[in-house]
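Take a look at the letters that make up each chain.
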Amino acid sequence: MVRVEEFEDSVEVTIEGGTVFRGDYLIAADGVASLTARCLSMPPRGVAGPSVEADIVVSSEAFAGFSESVFFDYFCLPQGYGWIFPKQDRTLNVGVVSWDRKAKVALHFAQFVDSYLNEADVISKHQIAFPIPAFRGEGAVATRRVCLVGDAASLVDPVSGEGIRYALISGALAGKTIAGVLDASFGGAVHRMGCLAYERDVRCQVEPQLLPILRFASLPFNEAPEHYYRRFVLGGRSKAYS
């Protein structure tokens, strides 16, 4: 995809090679760097936090130490965390993310891996880097004929970076909205609003799930990880952390 244009009665998507697709409405799930949003002059709604992760195949002994649980470390880099998820075939998904855009995540990732895995236990590693668009509660998610969903709309937990659930919810809302607009039996306000009805539904049904996290959890997570860990992870219990 190289260009998106919205007209009074349609939307056009141009792909590489010049082929043009034309439709009445568009659901854009084109990710954190949404070309759709940029072409339609919709400013970014979130803060893109840098992330590095890798699928690491390890020895049987190393895998056994992580095979029964999901592991998080909230103290391995500023304004972020590291994780280790067990997968099949002695593979661990290991990564770090930070909401500090200046963080040297590649360096922190290497240090994180070295902290929990011995070099001799690592058999192979496939590493990638990508940004995660943390929700900040500002900006539009729709025009009259276009709905931004998932990462394109920055519908991502501003602490954990989890976005799959919100992508599914927003995608369903967008589909429902467009189905309603196309159904002549709805008529009236729905037809006049078009995809702007989707934006209303996102603000009423999705953002109320993200706003409390942004307002009450993201500040201690970013600025006082010890407090965040005790209050939101341990739930006020006196268990020590390391």
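Use the structure listed above.
Chains are numbered independently. Their residues run from 1 in the order of the written sequence. It should be noted that, the model being predicted, local features are given only for residues of pLDDT at least 70 and side-chain atom pairs only at 80 or more, the latter also being counted only at that level, while totals for whole chains, interfaces and linings use all residues. Only hydrogens and water are removed before side-chain values are computed, so all heavy atoms of the structure are retained for them.

### Digging into the state of the cysteines
And step 1. By disulfide we mean two sulfur atoms from cysteines, separated by a distance within 2.5 Å. Tallied over the entire structure, the rule returns 0 disulfides.
And step 2. Cys147 forms no disulfide, and the closest cysteine sulfur to it belongs to Cys195, at a distance of 3.5 Å.
And step 3. Between Cys204, a free cysteine, and Cys147, which holds the nearest cysteine sulfur, the sulfur-to-sulfur gap is 15 Å.
And step 4. We classify Cys204 as exposed; its relative accessible area is 55%. Any residue under 20% of the maximum accessible area for its type is buried, any over 50% is exposed, and the rest in between are partly exposed; the area is computed with a 1.4 Å probe on protein chains only.

### Observations concerning the nonpolar core
Generally speaking, soluble globular proteins have nonpolar side chains that are buried together.
And step 1. For the purposes of this section, nonpolar cores are sets of buried Ala, Val, Leu, Ile, Met, Phe, Trp, Tyr and Cys residues that join through side-chain atoms within 4.5 Å. Ranked by internal contacts, the top residues of the largest apolar core, which has 45 residues, are Leu148, Leu155, Tyr198, Val206 and Phe221.
And step 2. Grouped together as the second largest cluster of nonpolar side chains are 19 residues, Leu77, Ala103, Val113 and Leu117 included.

### Structural notes on the sheet that holds strand E7 (residues 80–86)
Strand-to-strand pairing in sheets goes through backbone hydrogen bonds, with the strands running parallel or antiparallel.
And step 1. Strand pairing is assigned whenever DSSP identifies at least 2 bridges connecting the two strands. Numbering of helices and strands runs from the N terminus, with a helix taken as a DSSP run of H or I at least four residues long and a strand as a DSSP run of E at least two residues long. Pairing in this open sheet of 5 strands is antiparallel, and the strands run E6-E7-E8-E5-E9 from one edge to the other. Each edge of the open sheet carries a strand with a single partner, namely strand E6 (71–73) and strand E9 (122–135). On average, each strand axis in the sheet is inclined to that of its neighbour by 15°, with strand direction left out of account.
And step 2. In this structure, strand E5 (residues 46–58) lies alongside E9, joined through 13 bridges in antiparallel fashion. What sits directly across from Gly49, in E9, is Ile132.
And step 3. Of the strands in this sheet, E5, E6, E7, strand E8 (91–98) and E9 are in contact with helix H3 (residues 105–116), which crosses E8 at around 140°.
And step 4. Contacts are assigned to residue pairs with any non-hydrogen atoms lying within 4.5 Å of each other. Between N-to-C directions, angles cover 0 to 180 degrees, with each direction set by a line fitted to C-alpha atoms, over the stretch in contact for helices. Taken strand by strand, helix H7 (residues 207–223) contacts E7 and E9, and its axis lies near 110° from that of E9.

What is shown is where atoms sit, not what they do.
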